[in-house]
Number of protein chains: 2
Amino acid sequence: MKILVDAFGGDNAPKEIIKGAVEALKLKSGFEVVLFGDQETIKAELVNHEYDASRLFIEHASEIVTNDDNPTMIVRTKKNSSLVKGIVSLGIDPDAAALVSAGSTGAVLASAVLLLKRIKGVSRPALVPVLPTQTGGSVALIDCGANADCTKAHLVQFAYMGSAFAKTVLGSMDPSIGLLSNGVENKKGNELNRETFPLLQEAQGLNFKGNLEARDILSGNYDVVVCDGFSGNIALKASEGVAVMLFDLIKQNILASGLRAKIGYLLLKPVFKKIAKTMDYNNNGGALLLGLQKTIIKAHGSSTAKSIAVAIIQAYKVASAELNEKIEKLLADPVDEVEHV
Amino acid sequence: MKILVDAFGGDNAPKEIIKGAVEALKLKSGFEVVLFGDQETIKAELVNHEYDASRLFIEHASEIVTNDDNPTMIVRTKKNSSLVKGIVSLGIDPDAAALVSAGSTGAVLASAVLLLKRIKGVSRPALVPVLPTQTGGSVALIDCGANADCTKAHLVQFAYMGSAFAKTVLGSMDPSIGLLSNGVENKKGNELNRETFPLLQEAQGLNFKGNLEARDILSGNYDVVVCDGFSGNIALKASEGVAVMLFDLIKQNILASGLRAKIGYLLLKPVFKKIAKTMDYNNNGGALLLGLQKTIIKAHGSSTAKSIAVAIIQAYKVASAELNEKIEKLLADPVDEVEHV
């Protein structure tokens, strides 16, 4: 099984991406990595590392996708980029199971959707980050930005895809599904929510728990939170903003305080580090693009080698779990699938 | 000027509400407070406090609105409740400038919208919390839950109302306005956003800065963030959820750690307290319901005496600033109003 890696996507590319690929190979066996990007640069960087050459390959790609590129155009204007060549190869090569990129979300989404087939029964692929919960578990937020405008039918499919994901990848036996809303009561929500609610209630093979407020996303009461891509993006980014602000406030206040606070900080440093690690969703790999024939993982733009290594291993696990096959079955026959899981 | 207070709304009513009213009178002059609720209970509670009796009045109301009441029905089913009697009085009494309630958001919104006139030119009143920013300032988020489904025309009105609010209450000379979206580029957003963007760009008398991502709401770069009530609610509640989770994680981790962490915590306690105070939006009073003939402040359900006192003083300030008159002028003639502000 090959995991393809866009070596030239992300703020720290190609150095950290290449280093991350090498680390992933050391941490886990069972797959090969193919680095897409300028051959000479990659070779020069690999000289600094020790690795199993029988598991690491290079596919030359002379161009780089930048944030200035129009995401929907790059499949034509940047045919020789590391991203587009990687996704094309993912679509063609039967042994290529997944692709990891830390490049621009828009570019990854647009080229994947244009170049790859969808899973049978899926109308809209969705972006799915896995977030840490207050109770030490994980929650999948679907969709988080692939589809700014959704219909009720899309949201129901997201629920099925999310449920299959939570079963196969997060290890939840009977994933509890919540619908993100502005209140917990059945009649709450905007028009889309109110239309979707009864469909989720009636849907076979889903453990639907009803509406939830955004403050409960991380509560640990849900394995999957379903929402349109616009709302999901707002929930995710608002959470990120507050976490950044809180850590920044702690730092600012300690710097502005006297020796007492500085000593306190030194003593508490291990606790802060642990929390930062829990909250850092890079530790959970990247966000999955779910619903296409092959797995795509969109790692954070600021990914370091460590997060790339986690994302590659995550890609391998998702591909090994045969998630896509399970999504296809579940959408074709929800009841049958429930009985056999 | 009278500030009306729903003494029986909120988790800590009536005790903390009554105490908060007494505190507000001590902290600030220039207004009277009228407490709505069961006369005997209020009198019995007031025995425990010292206050200026010439500034504190009681209006008897025998019923209480609960979370089980259907919000849109209470104007008929709970006519004698502290909330409905308060809002009716606010509409009739020319000397009543504002009402503060910590009761159910749905009940406060529905009865205010049903019983009070709107400001001329406003089609939809909006709920506006004021949040602390990373740079030590404030940002108004409009709408935060009064209107789950909005049109582009509503969002443009929110921008005008928010701008007038930031000028008169937050003291910003030329408030910068952002449109909450899933990316900063002009073409980002869902259908509603893409329709609204050009209207805000062309709108006279608004300092429109473009789209912003939810992670930048608290950045300090915006005085007003405009969004539909569904998205605003998600941004607000997601932020709340993460803040609660972070403080909880810090606590959990310290409790689970050894003496070193506990001493560190004791030394850092003043810093944590300061941050908790900054983040606690109760310190900014409550959320304003903007767009009605009189000011309504929805205090947090869990408000203590302190937050009620802040909310009452905030109500007095908003009413004194003649914000409603300014909104009416701005909507009638944006250009003229800009020149004279």
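Reading the values: rules and limits
- Residues numbered from 1 in each chain as written.
- Chains lettered and ligands numbered in written order.
- Predicted model: local features only at pLDDT ≥ 70, side-chain atom pairs only at ≥ 80, totals over all residues.
- Heavy atoms only, no water.
- Helix = DSSP H or I, 4+ residues; strand = E, 2+ residues; numbered from the N terminus.
- Rg over C-alpha atoms; globule rule 2.2 N^0.38 Å.
- Buried < 20%, exposed > 50% of the residue type's maximum accessible area, 1.4 Å probe, protein only.
- Contact = heavy atoms within 4.5 Å.
- Areas by Shrake-Rupley, 256 points an atom, 1.4 Å probe, with all protein chains shown as cover.
- Lys, Arg positive; Asp, Glu negative; His and termini not counted.
- Charge placed at Lys NZ, Arg CZ, Asp CG, Glu CD.
- Core = buried A, V, L, I, M, F, W, Y, C linked by side-chain atoms within 4.5 Å.
- Least-squares fit on C-alpha atoms with pLDDT ≥ 70 in both.
- Pairing = 2+ DSSP bridges.
- Domains from an automatic or database assignment.
- Buried area = accessible area lost by both parts, 1.4 Å probe.
- Axes fitted to C-alpha atoms, helices over the stretch in contact; angles between N-to-C directions.
- Salt bridge = Lys/Arg side-chain N within 4 Å of Asp/Glu carboxyl O.

### Description of the overall build of chain A
The helix and strand tally for chain A stands at 12 helices and 12 strands. Rg of the C-alpha trace for chain A: 21 Å, near the compact-globule value of 20 Å for 341 residues, within the 12% margin. On the principal axes, the C-alpha backbone points of chain A span a range of 60 × 60 × 40 Å. Within the span of chain A, comprising 341 residues, buried residues form 56% of the whole. For chain A, the proportion of contacts with a sequence separation of at least 24, taken over those separated by at least 6, is 71%. In the structure as shown, chain A presents an accessible area of about 14100 Å², 51% of it carried by carbon and sulfur atoms. For chain A, the distance from the average site of its 36 positive side-chain charges to the average site of its 37 negative ones is 5 Å.

### Digging into the nonpolar core
Of all hydrophobic cores here, the largest spans 102 residues; its most connected members are I217(A), I296(A), I217(B) and I296(B). If we ignore the near neighbours within four places in the chain, the residues touching I217(B) are L131(B), V139(B), L141(B), L180(B), L212(B), V225(B) and A235(B).

### Focus: the relation of the copies chain A and chain B
Two copies of a chain can be linked by a rotation about an axis combined with a shift along that same axis. For the pair chain A and chain B, the superposition axis carries a translation of 0.0 Å, the fit reaches an RMSD of 0.0 Å, and the rotation angle comes to 180°. Such values leave the two copies arranged in the relation of a two-fold axis. Rotation axis and chain A: the residue whose C-alpha lies nearest the axis is G264(A), separated from it by 1.9 Å. Interface residue correspondence from chain A to chain B reaches 100%, placing this contact among same-surface, isologous pairings.

### Some remarks on the pairing of strand β9 (residues 207–213) of chain A
All names here are of chain A. Taken across its 7 residues, β9 has 5 buried, putting it largely inside the fold. Here strand β8 (residues 176–181) runs beside β9; their pairing, made up of 5 bridges, is parallel. Each bridged residue has a counterpart across the sheet, and for S176 the counterpart in β9 is N207.

### Description of the domain arrangement of chain A
Residue and element names in this part refer to chain A. Segmentation of chain A into domains returns domain 1 (1–121 + 291–322) and domain 2 (123–283). Each of domain 1 and domain 2 was reduced to a C-alpha centroid, and the two centroids are 26 Å apart. In this complex, domain 1 contributes 15 residues to the contact, which on the side of domain 2 involves 13 residues. Approximately 1100 Å² of surface area, both sides summed, lies buried where domain 1 meets domain 2, with 64% of it carried by carbon and sulfur atoms.

### Here's the deal with the sheet that holds strand β12 (residues 295–298) of chain A
Strand pairing in a sheet relies on backbone hydrogen bonds, with the paired strands running either antiparallel or parallel. Residue and element names in this part refer to chain A. Taken in spatial order, the 7 strands make up an open sheet running β3-β2-β1-β4-β12-β11-β5, and their pairing is mixed. Because the sheet does not close on itself, it has two edges, and the strands there are β3 (56–60) and β5 (126–128). Averaged over neighbouring strand pairs, the angle between their axes works out to 25° when direction is ignored. Across 4 bridges, the pairing between strand β1 (residues 2–6) and strand β4 (residues 96–101) is parallel.

### Things to note about the interface of chain A and chain B
Counting from both sides, the interface comprises 55 residues of chain A and, opposite them, 55 residues of chain B. With both chains or domains summed, chain A and chain B bury close to 4800 Å², and 69% of this area falls on carbon and sulfur atoms. Looking at the side of chain A facing chain B, the largest losses of area belong to Q134(A), F230(A) and M245(A), adding up to 14% of the total buried there. Inspection of the chain A/chain B interface yields 6 salt bridges. Linking R194(A) and D149(B) is a salt bridge whose minimum nitrogen-to-oxygen distance equals 3.4 Å. Broken down by secondary-structure element, the contributors of at least two residues to the side of chain A that touches chain B are β8, α7 (191–202), α8 (229–256) and α9 (259–279) of chain A.

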